[in-house]
Amino acid sequence: MPKIGIVTDNTCDIEPKQLEEMGIGFVSLYVKWKGKFERAVDIDTDDFYEFLKTSDYIPATSQPTPQDFEEVYRKMLKDYDELISVHLSEKLSGTYNSARIAAQNLDEKRIHIVESYEATWGLGHLVLELKKLIDSGEYSIEELEGFVEHFHEKVNVYFTVGSLNYLAKGGRIGRATAFLGSMLNIKPLLKLENGEILPIKRIRGYNKIIKELSTLAMEEKGKGELKNITVEHTGSLKLGGDLLDEVVKLGVPREKIIFEPMDIIIGMHLGPDSGGIVTSWE
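Quick caveat, the model's predicted, so the values are computed rather than measured.

Draft legend 1. Region of interest: the nonpolar core. Within the largest apolar cluster, 49 residues are counted, with the highest numbers of intra-cluster contacts made by Val31, Phe48, Ile84, Val86 and Leu130. Among the elements that make up this core, the one with the highest residue count is helix 5 (residues 120-136) (eight residues). Residue assignment places this core across two domains, with domain 1 (4-152) and domain 2 (154-281) each supplying three or more. Core analysis: the next-biggest nonpolar cluster, separate from the first, contains 20 residues, Leu239, Leu243, Val252 and Trp281 among them.

Draft legend 2. Structural detail: the pairing of strand 11 (residues 226-233). Most of strand 11 is tucked away, with seven of its eight residues classed as buried. Relative to strand 13 (residues 275-281), strand 11 runs antiparallel, the two sharing seven bridges. Residue pairing in the sheet places Thr230 in a bridge with Val278 of strand 13. As judged from the five bridges shared by strand 11 and strand 12 (residues 257-261), these two strands associate in the parallel manner. Within strand 12, the position partnered with Glu232 by the bridge is Glu260.

Draft legend 3. Region of interest: the layout of surface pockets. What the largest pocket holds in volume is close to 420 Å³. Together, 16 residues line the largest pocket, and Glu20, Gly25, Phe26, Val72 and Lys75 are the ones closest to its centre. Every element with two or more residues in the lining of the largest pocket is listed here: strand 2 (25-27) and helix 3 (66-77). Of the residues in the lining of the largest pocket, the class split is seven nonpolar, three polar and six charged.

Draft legend 4. Main features of the packing of helix 3 against helix 4 (residues 95-106). As a packed pair, helix 3 and helix 4 sit with axes 8 Å apart at the nearest point and diverge in direction by 55°. One finds that helix 3 runs oblique with respect to helix 4. As helix 3 runs across helix 4, the sense of the crossing is right-handed. Facing helix 3, whose interface residues are Pro66, Phe69, Glu70, Tyr73 and Arg74, helix 4 presents Thr95, Ser98, Ala99, Ile101, Ala102, Ala103, Asn105 and Leu106. When grouped by side-chain class, the residues that make up the contact of helix 3 with helix 4 number eight nonpolar, three polar and two charged.

Thresholds applied
- Residues numbered from 1 in each chain as written.
- Predicted model: local features only at pLDDT ≥ 70, side-chain atom pairs only at ≥ 80, totals over all residues.
- Heavy atoms only, no water.
- Core = buried A, V, L, I, M, F, W, Y, C linked by side-chain atoms within 4.5 Å.
- Buried < 20%, exposed > 50% of the residue type's maximum accessible area, 1.4 Å probe, protein only.
- Helix = DSSP H or I, 4+ residues; strand = E, 2+ residues; numbered from the N terminus.
- Domains from an automatic or database assignment.
- Pairing = 2+ DSSP bridges.
- 1 Å grid on protein atoms, 1.4 Å probe; cavity = no way out; pocket = protein on both sides within 12 Å on 5 of 7 lines; lining within 4 Å.
- Points joined across faces, edges and corners; volume = space filled by probe spheres on them.
- Nonpolar A, V, L, I, M, F, W, Y, C, P; charged D, E, K, R; others polar.
- Axes fitted to C-alpha atoms, helices over the stretch in contact; angles between N-to-C directions.
- Parallel < 35°, antiparallel > 145°, perpendicular 65-115°, else oblique.
- Left-handed = near helix turned anticlockwise from the far one by under 90°.
- Contact = heavy atoms within 4.5 Å.

The quantities given are spatial measurements derived from coordinates; they are silent on function.
As C-alpha cells, then:
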C-alpha cells in the first residue's frame, strides 16, 4: 500500500500546529491587512475580528498561488508516495484551481486534487476523517478519493450573519442576493450546499434563529450517527455561546462539541456577529 499524505488549506479551521503534528501539509490564503497582503495564518484571529467590528473597510482576500502549492507538494512528496489535496469549495475560491495548476506542473499521477464542496469545519471534519482512513491502511487511493467526493452529502453547514453586505460585496452570496435589504429584527438563515451558499429563510427574532439553526444542523444524515460537531462564530461570543447552549439542550454532550472562532478568511466574508453550526454524520 502506498504511503498517502494530505494537503489542505487554512479554511479547514484546524490550527496549523495541529496540522503539522498530524503530518498534514497546508497552504494559506491571503488577506489584505494594514495595506499589504499577508498570510491568513499569520494574523491574530481575535485582533482581526475586533478590527472588523469597528471598521467600514472590508479587507480583500486572495487565493494561494500555484507556487505556494508547489512548495508544499515538493516537501510532502519527499515523505509520501501520493497526495490527496482537499480545499475550500471551488465555487467559493480559486484555491482549488491553484492546486490543480501546481499538480499539473509537478506530478499529476502522484497528486490527486479532489473537490470537497466544503468550507470551514465542513472541510476540517473531512480532513480529520480522511486522516483516520489513511492511518488505518485499509483504503486505496481510489477509495479515498471517492470518500472525499461524497463526504459533503453527510454534512450540515448552517449559519446566520449579522449583515448580508459582506457576502454581497465579496460576491460569495450566490442566489442569496434575494435576501438583500434590511428589516427590523430579521435574521437570514443560510446553508452551504454542494459548495454554494444558499438562503433558506428569513426569521424574525434572535431566539428563533438560534433554535431553528440548531435544529436544522442536527438533522440526521447518512446512517444517522453524529461523528463531529462544531459551533463557530466571527468573534461574537454571545451568538456562539447561545448556539452552543442550544445544541447542548438538544442532547449533544458539551465535550463532543468544538467551540471556537471561525477562520478569518470565511469569517471576513460573513462579517461580524455571524456564526453557525457544522455537523458531520456516519
